[in-house]
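Summary of the model geometry
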Amino acid sequence: MKYASVPLNQNQNGWLKEDLLSTAFPTLVGNTQADWVVVGSGFAGVSFARRLANHDRNLKIILIDAASAAESSSARNSGFIIGLPHNIGSSTAELKKAHSYRSLLQEGINQLTTLIEQQGIECEWENVGKYHCQVDTTQERVLKEYTDNLDTMSEPYQVLEKESLYQKLGTRFYNKGIYTPSAILVNPASLITALANCLPENVTVYNNTPVLEILPGNIAQVVTPYGTIKTAKIMLATNALSRELAPVISKQAAMATFASITAPLNPEQRRRLPAMSSWGLTPVNAIAGATLRYTQDHRFLIRQHVTAALNGRITAAQTYRATQLHQRLFQKIYPQLGDVPLTRTWSGTISVTRNGAPVWGALGKNIYTAGGCNGAGVSKQTIAGTLLADYALGQDHPLIGAMQELGKANYLPPSPILDVAIAASLMKERYLGRKEI
Ligand SMILES: Cc1cc2nc3c(=O)[nH]c(=O)nc-3n(C[C@H](O)[C@H](O)[C@H](O)COP(=O)(O)OP(=O)(O)OC[C@H]3O[C@@H](n4cnc5c(N)ncnc54)[C@H](O)[C@@H]3O)c2cc1C
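Residues numbered from 1 in each chain as written. Predicted model: local features only at pLDDT ≥ 70, side-chain atom pairs only at ≥ 80, totals over all residues.

The residue after S415, namely P416, is reached through a cis peptide bond having omega 5°. If you trace the backbone, P416 turns up in the loop between α11 (400-405) and α12 (417-432). With a phi angle near 55°, S154 is a residue other than glycine that sits in the positive phi range. Here S154 lies in the loop between α5 (140-152) and β7 (158-161). The phi dihedral of N366 falls on the positive side, at around 65°, and the residue is not glycine. The topology assignment puts N366 in the loop between β21 (359-364) and β22 (367-371). (Helix = DSSP H or I, 4+ residues; strand = E, 2+ residues; numbered from the N terminus.)

Written out as structure tokens, the structure reads:
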């Protein structure tokens, strides 16, 4: 098994505070051995390694990353920790699946809550809920379907019209929104970096150590540029980059999305807005629309634009295009803040499956994976990693059944058919959501 490419984002994550970079781990130099090698230090890899290590303190576990936790999509995301599934559907089977999904997300949140309390992690954690907003007034059914789903799940919510939204968000761009209390906002880079820094002692972490090849066998060999690890078992937590494995795990496609952050608003700029505390907003159309946040330190975050990430790579030119899109959009949403500059734009990859089901479980003898995040992964990949460790060790957990109920990802064709299909699907979504930006 070979990785054809390793991640490359030609841009810098705007959530990163300088001190996070100084906590990087060494590169693997020389040959070594382990009981387990975990590849990828995002939420899935870190939670898997922690669970495994806590089950058996005698296991020697190595966690490696082509870059680092601070550079993963887990650090580059918008920082919404979601406790509810978005689309539920109407059949009994779909409802059952939605209940399973909610239980998984809630348990992911519980685990993160326990860890940040135990470890005293500072990550701007705020239990403030989120707004799900729509611009287009001709598509009432979209939010109606959303509230019907919330009713079905007996979840509380509040409907807000344009003027009430203005008081909360400082913009009249949106015509309607649904507030749900079940979401947490964080600085994702602070969270994942801290989680990678407080792993049990029997986990050794290496950064800037891309896995190039895995030679299978009773004792497999994990080949990296400056050293090879002999190991009995492997967990692949490479999410979008798993597409780069050959032979291909053909059920995942790699996409990328972009985020920008503004400079902090000064007191005079803040007076142009209603008095607001921090908030988060998701769009009704996640492909075309913008996710927005107003942070504790008075900055705006915009996450918008989704594209295929061929070979997991995003170029400086693609990033620049996203900056321009975000700049125009920010001015449209906040015309009163024309003098507030964007200070950074960055990208991150996500793994998408055809039917939205994860790629979770054993891939072969002694090789496991938890991928297919489908764009939401803080709580989801945390619990997916934890449960996979239990599953791999043959430990019972009441939520393993819930994980399996999410189903199996469908087959995806190889490139270039896949690339054409992704381009067509993105084009369709952008057209459908064109009034949301
Ligand atoms: C801009 C953006 C906004 C998002 N917003 C949200 C949000 O608000 N809420 C939410 O829940 N989700 C959000 N997501 C999705 C979320 O970030 C992902 O679902 C989550 O990070 C997936 O976690 P993971 O551990 O599976 O993979 P990743 O975080 O992608 O980690 C995979 C790791 O594998 C490493 N790797 C890859 N290939 C190799 C190799 N060959 N050798 C060694 N290491 C390798 C990578 O370097 C990386 O560190 C967003 C994503 C993006 C990009």
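The rest of the description comes next.
Turning to the site of the ligand, a few remarks are in order. Neighbouring the ligand are 42 residues; G40, G42, S72, G348 and G377 lie closest to it. Of all the elements in the fold, those that place two or more residues in the shell around the ligand are α2 (43-55), α3 (73-76), β5 (80-82), β15 (253-262), β20 (342-352) and α10 (378-392). Considered class by class, the residues forming the shell around the ligand number 21 nonpolar, 18 polar and 3 charged. Summarising the domain contributions, the shell around the ligand has at least three residues from each of domain 1 (2-76 + 190-251 + 355-412) and domain 2 (126-185 + 254-353 + 426-436). (Near = placed C-beta within 6 Å. Nonpolar A, V, L, I, M, F, W, Y, C, P; charged D, E, K, R; others polar. Domains from an automatic or database assignment.)

To continue, consider the nonpolar core. Formed by 86 residues in total, the largest nonpolar core has its most connected members in V37, V38, F48, I61 and L388. Looking at which domains feed residues into this core, each of domain 1 (2-76 + 190-251 + 355-412) and domain 2 (126-185 + 254-353 + 426-436) supplies at least three. In this structure, F258, A290, Y294 and A322 belong to the second largest nonpolar core, which totals 22 residues. (Core = buried A, V, L, I, M, F, W, Y, C linked by C-beta atoms within 7 Å. Buried ≥ 20, exposed ≤ 12 C-beta atoms within 10 Å, placed from the backbone.)

Turning our attention to the sheet that holds β7. Read across the sheet, 8 strands follow the order β7-β8-β6-β16-β17-β18-β15-β20 without closing on themselves; strand pairing throughout is mixed. Of all strands in the sheet, those bounded by a partner on one side alone are β7 and β20. When the angles between neighbouring strand axes are averaged without regard to direction, this sheet yields 25°. Where strand β16 (residues 279-283) and strand β17 (residues 291-294) come together, 3 bridges link them in antiparallel fashion. The residue bridging W279 from the neighbouring strand is Y294, located in β17. Its contacts with the sheet put α5 on β6 (130-134) and β8 (176-180), and the angle it makes with β8 is roughly 20°. Sheet contacts for helix α9 (residues 316-333): β15, β18 (300-308) and β20; angle to β18, the most-contacted strand, approximately 135°. (Pairing = 2+ DSSP bridges. Axes fitted to C-alpha atoms, helices over the stretch in contact; angles between N-to-C directions. Contact = placed C-beta atoms within 7 Å.)

Running from N to C, α2 and α10 point in directions that differ by 35°, and their axes come no closer than 7 Å. Where α2 crosses over α10, the two elements pack in a sense that is right-handed. Touching F43, A44, G45, S47, F48, R51, L52 and H55 of α2 are V378, Q381, T382, A384, G385, T386, L388, A389 and D390, all from α10. Counted by class, the contact of α2 with α10 contains 8 nonpolar, 7 polar and 2 charged residues. (Left-handed = near helix turned anticlockwise from the far one by under 90°.)

Right, let's talk about the environment of L301 for a bit. Position of L301 relative to the elements: it lies in strand β18. Given 22 C-beta atoms within a 10 Å radius, L301 is considered buried. Along the chain, L301 and V159 lie 142 residues apart, while their C-alpha atoms are 23 Å from each other. When residues no more than four places from it in sequence are discounted, the contact partners of L301 are S78, A259, I261, L292, R293 and T295.

Attention now goes to the pairing of β18. Within a regular beta strand, the side chains point alternately toward one face of the sheet and then the other, so they alternate between its two faces. Of all the 9 residues making up β18, 7 are buried; the element is thus mostly covered by neighbouring parts of the structure. Here β15 pairs with β18 via 7 bridges, running antiparallel. Its bridge partner being in β18, M255 is matched across the sheet by A308. Taken together, the 4 bridges between β17 and β18 define a ladder with antiparallel strand orientation. Within β18, the residue paired with Y294 across the bridge is F300. Where β17 folds back on β18, the antiparallel hairpin that results is connected by 5 residues, among which H298 adopts a positive phi of roughly 65°.

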